[in-house]
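Listed here are the chains, written in short residue letters.
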Amino acid sequence: SITLLCKASPLRHARMAWWYLKTEAKQALKVHTAASGLRQKLSIDADAAAAMKERRYDADEKKDNAAELKLVTRILDLVSQDDRGGMFDNDASRQNAIAIATEQVGRWNAKTALALMEAAGVADAEVQIDE
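Residues numbered from 1 in each chain as written. Predicted model: local features only at pLDDT ≥ 70, side-chain atom pairs only at ≥ 80, totals over all residues. Heavy atoms only, no water.

1. Digging into the confidence of the model for the protein chain
Moving on, step 1. Mean pLDDT over the protein chain: 78, with 76% of residues reaching 70 or higher.
Moving on, step 2. When the elements of the protein chain are averaged for pLDDT, helix H1 (residues 2-8) gives the smallest value, 69, and helix H2 (residues 11-42) the largest, 86. (pLDDT = per-residue confidence, 0-100. Helix = DSSP H or I, 4+ residues; strand = E, 2+ residues; numbered from the N terminus.)

This is the structure:
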């Protein structure tokens, strides 16, 4: 502790340590005072803070949902081309997979995975997901 340091140090060192302690305490008080003043000027109540957090969460969720649907279409675009560069004729299964992914965006289950694999051309896919 600072008291033991002051007792064990020569007088000159003890005075320097005490001066340093007082300076740090003053700076900490100034930071605390500035933070309290800023909090009072902003005067954000708990309801407003919760509303701002909810808006940010909703915006992030919309971005994530759009990115997930884009990923599904990219997967289907990658697997829908055969070696000759043509397109497979599985538009119905592709639309089914996109529809299921859109309905269950953010919460995939076995039905979604199975539809996506069937649209990708995987025959007789056996999917077991513990839900």
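Having seen the model, we can carry on.
2. Topic: the packing of helix H4 (residues 91-103) against helix H5 (residues 110-119)
Moving on, step 1. Close contact between H4 and H5 brings their axes to 8 Å; oriented N to C, the two are set at 155°. When the interaxial angle is binned, H4 and H5 end up roughly antiparallel. At the point where H4 passes H5, the crossing takes the left-handed sense. Contacts from Ser93, Arg94, Asn96, Ala97, Ile100 and Ala101 of H4 reach H5 at Lys111, Thr112, Ala115, Leu116, Glu118 and Ala119.
Moving on, step 2. Residue classes in the contact of H4 with H5 are distributed as six nonpolar, three polar and three charged. (Axes fitted to C-alpha atoms, helices over the stretch in contact; angles between N-to-C directions. Parallel < 35°, antiparallel > 145°, perpendicular 65-115°, else oblique. Left-handed = near helix turned anticlockwise from the far one by under 90°. Contact = heavy atoms within 4.5 Å. Nonpolar A, V, L, I, M, F, W, Y, C, P; charged D, E, K, R; others polar.)

3. Let's talk about the nonpolar core
Moving on, step 1. In this structure, Val72, Leu76, Ala97, Ile100, Ala101, Ala115, Leu116 and Ala119 together form the largest nonpolar core, which totals eight residues.
Moving on, step 2. Listing elements by their share of this core, those giving two or more residues are helix H3 (46-79), H4 and H5.
Moving on, step 3. Sequence-distant contacts of valine 72, defined by excluding residues within four places in its chain, comprise Ile98, Ala101, Trp108 and Leu116. (Core = buried A, V, L, I, M, F, W, Y, C linked by side-chain atoms within 4.5 Å. Buried < 20%, exposed > 50% of the residue type's maximum accessible area, 1.4 Å probe, protein only.)

4. Some points on the packing of H3 against H4
Moving on, step 1. Put simply, H3 and H4 touch, their axes get as near as 10 Å, and they point 160° apart. Regarding the angle of H3 to H4, the classification is roughly antiparallel. Crossing of H3 over H4 shows right-handed handedness. Across from Leu69, Val72, Thr73, Leu76 and Asp77 in H3, the residues of H4 making contact are Arg94, Ala97, Ile98, Ala101 and Thr102.

5. Considering a negative patch on the surface
Moving on, step 1. A cluster of acidic residues, Glu54, Asp58, Asp60, Glu61 and Asp64, forms a negative patch at the surface.
Moving on, step 2. Among the structural elements, aspartate 64 can be located in helix H3. (Patch = residues over 30% accessible without salt bridge, like charges linked within 9 Å, V, L, I, M, F, W, Y side chains within 5 Å. Areas by Shrake-Rupley, 256 points an atom, 1.4 Å probe, with all protein chains shown as cover. Salt bridge = Lys/Arg side-chain N within 4 Å of Asp/Glu carboxyl O. Lys, Arg positive; Asp, Glu negative; His and termini not counted. Charge placed at Lys NZ, Arg CZ, Asp CG, Glu CD.)

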